[in-house]
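What follows is the residue order along each chain.
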Amino acid sequence: MTNQGDTLLYKKKHNITINDIQHSLYYYFDYDERSFDINMPFQHFHSFYEIMILISPQACHLVEGLPYSIRAGDLVLLRPSVLHQTEYQKGAPSKRLIIGFLYPPELWGMPETYQKLFEPFYSPLPIYRFPSKQQQLINEKLNRIYRYSFQDEEPELKSLIVHGMFVEFLYTIRQLAPSNIYTNEPLKNEASKKIYTIANYIHNHYSKELTLDSLSREFYISPYYLSHQFRDVTGYTLTQYIQMTRIRNVQYLLINTKKKISELAEECGFTSFSQFNRIFQRYCSQSPSEFRKDGGGNSLPTIL
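Residues numbered from 1 in each chain as written. Predicted model: local features only at pLDDT ≥ 70, side-chain atom pairs only at ≥ 80, totals over all residues. Heavy atoms only, no water.

### Looking at the packing of helix H4 (residues 190-205) against helix H5 (residues 212-219)
Test applied: Axis definition: a line fitted to C-alpha atoms, over the contacting stretch in the case of helices. Angles run 0 to 180 degrees between N-to-C directions. Numbering of helices and strands runs from the N terminus, with a helix taken as a DSSP run of H or I at least four residues long and a strand as a DSSP run of E at least two residues long. Throughout this description, any angle smaller than 35 degrees is read as roughly parallel, any larger than 145 degrees as roughly antiparallel, any in the 65 to 115 degree range as roughly perpendicular, and the remainder as oblique. Here is the rule for handedness: rotate from the far helix to the near one, and if that takes an anticlockwise turn smaller than a right angle the crossing is left-handed, while a clockwise turn gives right-handed. By definition in these notes, contact holds between two residues if any of their heavy atoms fall within 4.5 Å.
Their axes nearest at 12 Å, the elements H4 and H5 cross at an angle of 120°. As the angle between them shows, H4 and H5 are arranged oblique. Taken as a pair, H4 and H5 cross one another with a handedness that is right-handed. Packed against H4, whose contacting residues are Lys194, Thr197, Ile198, Tyr201 and Ile202, the element H5 presents Leu215, Glu218 and Phe219 at the interface.

Below, the structure written as structure tokens:
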């Protein structure tokens with residue numbers, strides 16, 4: 001007899017929505033699939049927490065410029081503002097479950113208690129893989145929510161019940177976190193490994209001065225080699241990657257803070273405000289003030 005937690009229940013295009021992103025309490029479960037030909041052109045962020053659970057056999061997830069090989073059942077835990085991107089395999093579309101959620105800071109007067117549930121999202125390793133027994137427990141918690149989502153229930157009560165079950169799910173992850181057995185597959189190509197290390201460095205130092213020469217000195221490689229290898233590995237020139245990383249971080253701050261645009265530009269590494277405005281307009285097809293007013297309507301376009 002098959003245990004009810006052996007597999008994660010799934011129905012294509014099924015979703016569970018509680019409130020919308022404008023509310024301080026928000027849930028969105030998206031059961032769907034993605035194919036290789038619609039991989040995102042560059043890493044993106046969210047203003048909410050996100051859990052990505054792969055159902056298909058294999059994929060790659062970039063987090064702050066570093067690639068992580070993931071397989072069915074793995075959980076990718078992402079806190080707000082973290083730049084990330086999933087790269088799906090060629091062939092049949094990949095099934096996955098995406099859960100986005102947001103809690104108000106003072107939820108039921110227990111902010112410190114709820115913050116403890118989020119601890120796994122702040123781990124240096126953002127991927128969780130559990131042994132079979134623990135994975136069954138994770139699947140059981142998610143399948144319980146999935147089954148309940150088909151119940152004909154009053155919306156307010158349904159929201160409360162889903163919230164309660166999801167809090168139990170988060171608690172389960174926190175309790176099982178020490179059992180994480182995920183280890184990333186090492187890159188066989190040493191050149192690629194070096195370039196991804198530099199990409200991650202850019203994500204963590206985008207507010208500093210970053211140039212081809214300074215990065216070449218930092219990582220003891222020639223500017224010519226870095227320039228060519230960076231584009232071969234990432235698909236972007238070094239300058240494009242630095243600019244897009246900075247712009248993405250400015251976008252997040254434009255939506256989630258009320259600081260002056262000039263302050264945000266400086267915080268994110270732009271030394272010239274006029275240059276910042278030109279770059280933002282080029283990548284986002286609108287000005288920073290328009291982006292803030294629209295609440296982040298446009299994303300970075302594909303750069304060929």
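### Comments concerning unusual backbone geometry
Residues apart from glycine generally show negative phi values, whereas peptide bonds are mostly found in trans. Look at Asn19: it is not a glycine, yet its phi comes out positive at around 60°. Backbone geometry at Trp108 places phi at a positive 50°, although glycine is not the residue there. Tracing the backbone through its elements, the reader meets Trp108 in the loop between strand S8 (94-102) and helix H1 (111-117).

### Overview of the environment of Leu210
Looking at the element boundaries, Leu210 is found in the loop between H4 and H5. Sequence-wise, Leu210 and Ile138 are 72 residues apart; in three dimensions their C-alpha atoms are separated by 42 Å. Here Leu210 is in contact with Tyr201, Ile202, His205, Leu215, Ile242 and Arg246, once residues within four sequence places are set aside.

### What to know about the sheet that holds strand S5 (residues 66-71)
Adjacent strands of a sheet form backbone hydrogen bonds with each other and so pair up, either parallel or antiparallel. To be explicit about the condition: A pair of strands is considered paired only if DSSP assigns at least 2 bridges between the two.
With antiparallel pairing, three strands are arranged side by side in an open sheet as S5-S4-S7. Looking at the sheet topology across the chains shown, the edges are occupied by S5 and strand S7 (84-88). Between one strand axis and the next, the sheet turns by 25° as a mean value, whatever way the strands run. Where strand S4 (residues 58-63) and S7 come together, five bridges link them in antiparallel fashion. Paired with Cys60 across the two strands is Glu87, which belongs to S7.

### A short note on the nonpolar core
The condition that has to hold: Each nonpolar core is a collection of buried residues, namely Ala, Val, Leu, Ile, Met, Phe, Trp, Tyr and Cys, held together in the definition by side-chain atoms within 4.5 Å. Between buried and exposed lies partly exposed: a residue is buried under 20% and exposed over 50% of the maximum accessible area for its type, with that area taken using a 1.4 Å probe on protein chains only.
Ranked by size, the top nonpolar core spans 38 residues in total, and within it Ile198, Ile202, Leu215 and Phe230 carry the most contacts. Elements that contribute at least two residues to this core include exactly H4, H5, helix H6 (223-234), helix H7 (238-256), helix H8 (261-267) and helix H9 (273-284). No other element matches H7, which puts nine residues into this core. With near-sequence residues (within four places) excluded, Ile202 lies in contact with Leu210, Leu215, Phe230, Leu238, Tyr241, Ile242 and Thr245.

### Here we look at the side chain of Ser94
Tracing the sequence through the fold places Ser94 in strand S8. Apart from residues lying up to four places away in sequence, Ser94 is in contact with Asp32, Glu33, Arg34, Ser56, Gln58, Tyr88 and Gln89.

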